[in-house]
Amino acid sequence: MATLMQTRNVAAAYDRWAPIYDLVFGPVFRRGRSDAIVAANRIGGKVLEVGVGTGISLPGYGHNCRLHGIDISPQILEKARQRVKALGLANVDALDVMDAEALPFEDDSFDVVVAQYVITAIPDPERALDEFVRVLRPGGEIIITTRVGANIGMRGSIEKALMPVTSRLGFRTDFPWERYADWDARTSQVELIERRALPPLGHFALVRFRKTKDA
């Protein structure tokens, strides 16, 4: 299904979400955030969190992580800056407004790229995934928490029907696993090392890719 999502519209949508972001998304995605942070902490080093939002994940990272958070929404990112200041999070090096499809970093800049519940909100997810691989060092990990659409059956039909509404809200409901699989098959630089269902109802997953050392 073609999408009409555009970067400026996604930014505007999440600017509107900013005042209630933690209330709406905090409890629902708590388990996924926790599991992603645990995976990132095992690696440590320089961590890029894409779609950092209000910074709700930032306090969970260990002191072995140096964090650079980015988001497309200026208003939601301001909440993250306030959180960092209030909690004195000394391991947060930067928080920047940035487009995940066009990262300004050098190749092999990060040990970990974390993208929590953001891939389905990016207008061109595959282009963003390519950028994640580019800025990740060989042997590093891309850690994703993501909606996985049903693609078939009643749930799949509902997800497709909701797309005109959810696209305006800043995210997709229709996003089958095949999009990740097709991207993985196309790129020769990563290997899938984990795919695990997450609550609620298994509609989400923790996905980890490792950048191959000989890439």
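It should be emphasised that the depicted structure is a prediction, and the values quoted were computed from it without experimental measurement.

Attention now moves to the packing of aromatic side chains. Applying the stated criterion to the full structure yields 7 aromatic pairs. Above the face of the phenylalanine 110 ring, lysine 46 is positioned so that its terminal group lies 5.4 Å from the ring centre. The ring of tryptophan 177 is capped by arginine 195, whose NZ or CZ atom sits 4.1 Å from the centre of that ring.

Attention shifts here to helix α3 (residues 30–43). The end-to-end C-alpha distance of α3 is 21 Å, a good match for the 20 Å that 14 residues give at a rise of 1.5 Å each. Along α3, the residues classified as buried are Gly32, Arg33, Asp35, Ala36, Ile37, Ala39 and Ala40. Buried-residue contacts for α3 involve α2 (21–25), β2 (65–71), β4 (110–116), β5 (136–147), β6 (190–198) and β7 (204–211). Downstream of α3 by one or two residues, glycine 44 has phi in the positive range, about 70 degrees.

Moving on, we come to the nonpolar core. In terms of nonpolar packing, the biggest core is built from 30 residues, with Leu48, Ile119, Phe132 and Ile144 touching the most fellow members. Of the residues forming this core, the biggest block, 5 residues, is contributed by helix α5 (residues 125–135). If you look at the next biggest cluster of nonpolar residues, it comprises 27 residues, including Tyr21, Tyr61, Cys65 and Val114.

There is a patch of nonpolar side chains on the surface, built from Ile20, Leu23 and Val24 and spanning about 270 Å² of accessible area. Assignment of secondary structure puts isoleucine 20 in the loop between α1 (7–17) and α2. On the basis of relative accessibility, which here comes to 40%, the residue isoleucine 20 falls in the partly exposed class.

Throughout the structure, instances matching the rule amount to 15 salt bridges. Measuring nitrogen to oxygen at the nearest pair gives 3.1 Å for the salt bridge that ties aspartate 130 to arginine 186. Remark: arginine 186 occurs in helix α7 (residues 178–186) and aspartate 130 occurs in helix α5; sequence separation between them is 56 residues. Among the residues examined, aspartate 130 registers a relative accessible area of 30% and is labelled partly exposed. A salt bridge links arginine 134 to glutamate 131; the shortest N-O distance between them is 2.8 Å. Of this pair, arginine 134 and glutamate 131 both sit in helix α5, 3 residues apart, which is roughly one turn of the helix. It is possible to trace a salt-bridge network through shared partners that takes in Arg31, Asp35, Glu141, Glu191, Glu194, Arg196, Arg208 and Arg210.

If you trace the 7 strands from one edge of the open sheet to the other, you get β3-β2-β1-β4-β5-β7-β6, paired in mixed fashion. The sheet terminates laterally at β3 (92–97) and β6, the two strands that pair on one side only. Between one strand axis and the next, the sheet turns through 15 degrees on average, direction left out of account. Of the strand pairs in this sheet, strand β1 (residues 45–50) and β2 are connected by 6 bridges, and their pairing is parallel. Looking at β2, one finds that valine 50 is bridged to isoleucine 70. Where α3 meets the sheet, it contacts β1, β2, β4, β5, β6 and β7, and its direction lies at approximately 175 degrees from that of β4. Lying over the sheet, α5 contacts β1, β4, β5, β6 and β7, oriented at roughly 150 degrees with respect to β5.

About the cut-offs
- Residues numbered from 1 in each chain as written.
- Predicted model: local features only at pLDDT ≥ 70, side-chain atom pairs only at ≥ 80, totals over all residues.
- Heavy atoms only, no water.
- Phe/Tyr/Trp six-rings, centres within 6.5 Å; stacked < 30°, edge-to-face > 60°.
- Lys NZ or Arg CZ within 6 Å of the ring centre and 35° of its normal.
- Helix = DSSP H or I, 4+ residues; strand = E, 2+ residues; numbered from the N terminus.
- Expected span 1.5 Å × (residues − 1).
- Buried < 20%, exposed > 50% of the residue type's maximum accessible area, 1.4 Å probe, protein only.
- Contact = heavy atoms within 4.5 Å.
- Core = buried A, V, L, I, M, F, W, Y, C linked by side-chain atoms within 4.5 Å.
- Patch = residues over 30% accessible without salt bridge, like charges linked within 9 Å, V, L, I, M, F, W, Y side chains within 5 Å.
- Areas by Shrake-Rupley, 256 points an atom, 1.4 Å probe, with all protein chains shown as cover.
- Salt bridge = Lys/Arg side-chain N within 4 Å of Asp/Glu carboxyl O.
- Pairing = 2+ DSSP bridges.
- Axes fitted to C-alpha atoms, helices over the stretch in contact; angles between N-to-C directions.

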